[in-house]
Amino acid sequence: MPALINIWGHFLLGIVVAYLARHQLLRPKALLSPALIYLLAFQGLLSIPVCTYLSHFFPHWTLLYFFDPQIFTRLYHFPGILSFALVLLNTLAAFAGFFIYRHALMIQQRGVWLVPTGLSTICIFIVFFRYYHRIFFVGDHTTYWQGEAYFWLAHISGWLGLSMIMSAAMLLSYLHRKSILR
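Residues numbered from 1 in each chain as written. Predicted model: local features only at pLDDT ≥ 70, side-chain atom pairs only at ≥ 80, totals over all residues. Heavy atoms only, no water.

Participant: Quick rundown of helix α6 (residues 111–130)? Include the residues and the values.
Facilitator: Spanning 20 residues, α6 covers 28 Å between terminal C-alpha atoms, matching the ideal 28 Å at 1.5 Å per step. The set of residues buried in α6 consists of Trp113, Thr117, Thr121, Ile124 and Val127. An end-on view of α6 places all buried positions within 125° of arc, on one side of the element. Exposed residues on α6 whose side chains face more than 90 degrees from its buried face are Leu119, Ile122, Ile126, Phe129 and Arg130. (Helix = DSSP H or I, 4+ residues; strand = E, 2+ residues; numbered from the N terminus. Expected span 1.5 Å × (residues − 1). Buried < 20%, exposed > 50% of the residue type's maximum accessible area, 1.4 Å probe, protein only. Arc of directions from axis to C-beta.)

What follows is the structure, given as structure tokens:
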């Protein structure tokens, strides 16, 4: 998925994981909770490898074709550094969402997590409605602007992004069932 959407999605994932584990988070004072371990496992086993692959091999799509390689000549010369930076932002967003919600839970202030969630969601909707065509077509900068980019489900990158979304949904479903049983 494109980086902006991915970072937002990871932020929301962290918030929802913390929300589903809110009873656990209120009990212990330890920093490492079972919900945080699940989030770490999701990041390490699925999110980091998929995001690394997509941002390394499809950097133009990951950056929503905003940066023309003729103007930003050095940006795409170091795909490993770009990939590392985007993966780091995704991972930090997930943990930021988790710890922001946990902090809000501890101080009993909803606005602490509602304000960043609302603002980021508004920004993503603006990007989605303004640049929706850039989200669903995968390729490099030239193929996209020539109209030859692949539809995201006709390409492995789309299926990887979809599998990550489905896996996150399964994780949240599992955590929801587990929280109901407590």
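Participant: Could you give an account of the nonpolar core, naming the residues involved and the relevant values?
Facilitator: Counting residues in each nonpolar core, the largest one holds 36 residues, and the members touching the most others are Leu13, Val17, Leu39, Phe42, Trp61, Phe98 and Tyr101. Taken together, the elements giving at least two residues each to this core come down to α1 (3–20), α3 (34–57), α5 (79–107) and α9 (156–181). Considering each element in turn, this core owes the most residues, eight residues, to α5. Residues within four places of Leu13 in sequence aside, it is in contact with Leu39, Phe42, Gln43, Ala168 and Leu172. Membership of the second largest hydrophobic core comes to five residues, among which are Ala3, Leu63, Tyr76 and Leu86. (Core = buried A, V, L, I, M, F, W, Y, C linked by side-chain atoms within 4.5 Å. Contact = heavy atoms within 4.5 Å.)

Participant: Quick one: what's the story with the side chain of Ser83, residue by residue and with numbers?
Facilitator: Note that Ser83 resides in helix α5. Taking relative accessible area as the criterion, Ser83 reaches 3% and is therefore assigned buried. The residues contacting Ser83, other than those within four sequence positions of it, are Thr52, Ser55 and His56.

Participant: Tell me about the environment of Pro49, residues and numbers included.
Facilitator: Tracing the sequence through the fold places Pro49 in helix α3. Overall, Pro49 belongs to the partly exposed group, its relative accessible area being 41%. The spacing of Pro49 and Val87 is 38 residues in sequence and 8.8 Å in space, taken between C-alpha atoms.

Participant: Got a sec to walk through the packing of α3 against α5? Specific residues and values, please.
Facilitator: Two numbers describe a pair of packed helices, the interaxial angle and the distance between the axes. Packing of α3 against α5 brings their axes to within 9 Å, and their N-to-C directions diverge by 155°. The angle between the axes of α3 and α5 places the two elements in the roughly antiparallel class. Handedness of the α3/α5 crossing: right-handed. Here Ala35, Leu36, Leu39, Leu40, Gln43, Ile48, Cys51, Thr52, Ser55 and His56 of α3 come into contact with α5, specifically with Pro79, Gly80, Ser83, Leu86, Val87, Asn90, Thr91, Ala94, Phe95, Phe98 and Phe99. Tallied by class, residues from the contact of α3 with α5 come to 13 nonpolar, eight polar and no charged. (Axes fitted to C-alpha atoms, helices over the stretch in contact; angles between N-to-C directions. Parallel < 35°, antiparallel > 145°, perpendicular 65-115°, else oblique. Left-handed = near helix turned anticlockwise from the far one by under 90°. Nonpolar A, V, L, I, M, F, W, Y, C, P; charged D, E, K, R; others polar.)

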